[in-house]
Amino acid sequence: GKLLGEVLVNQMKRSKKGAIDAVDEFLSISLAMREFLPRRPWLRVLLHEMSLNRVRTGGSVHKALDDMTDEDAINLAKGISLIILSSTE
């Protein structure tokens, strides 16, 4: 979890193409993500939205992970970005 997050952040910092391309590259080179993504395709949308760094108040999502949609992922990403920002020093 945390190590994968650090790898993604470092990859985004080094990317010359942009954050979304860095996310896609991370998802393709990480074995864990390649195995996870087919079961939870909304993860790509969630990471894309978070990489755009558009912090807004997120809404509630009351679905199982298997039932989530891209729209749910965007909603979660907005809230996660706010949580991360407010919890960092």
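As the structure is a computational prediction, the values presented were derived from the model and not from experiment.

A. Spotlight on the nonpolar core. In this structure, Leu27, Trp42, Leu43, Leu46, Leu47 and Ala73 are the most contacted members of the largest nonpolar core, which totals 14 residues. Of all elements in the fold, only helix H2 (19-29), helix H4 (42-51) and helix H5 (70-87) reach the threshold of two or more residues within this core. Among the elements that take part in this core, H4 stands out by supplying five residues, more than any other. Apart from the residues lying within four places of it in its own chain, the contact partners of Leu27 are Met33, Arg34, Leu37, Arg44 and Leu47.

B. Looking closely at the side chain of Ser51. Secondary-structure assignment places Ser51 in helix H4. When residues no more than four places from it in sequence are discounted, the contact partners of Ser51 are Met12, Ala19, Ile20 and Val23.

C. How the structure looks around the pattern of salt bridges. This structure, assessed with the given rule, holds three salt bridges. Ionic pairing is found between Arg44 and Asp24, a salt bridge with its closest N-O pair at 2.8 Å. Of the two residues, Arg44 is situated in helix H4 and Asp24 in helix H2; the sequence distance between them amounts to 20 residues.

How each quantity is defined
Residues numbered from 1 in each chain as written. Predicted model: local features only at pLDDT ≥ 70, side-chain atom pairs only at ≥ 80, totals over all residues. Heavy atoms only, no water. Core = buried A, V, L, I, M, F, W, Y, C linked by side-chain atoms within 4.5 Å. Buried < 20%, exposed > 50% of the residue type's maximum accessible area, 1.4 Å probe, protein only. Helix = DSSP H or I, 4+ residues; strand = E, 2+ residues; numbered from the N terminus. Contact = heavy atoms within 4.5 Å. Salt bridge = Lys/Arg side-chain N within 4 Å of Asp/Glu carboxyl O.

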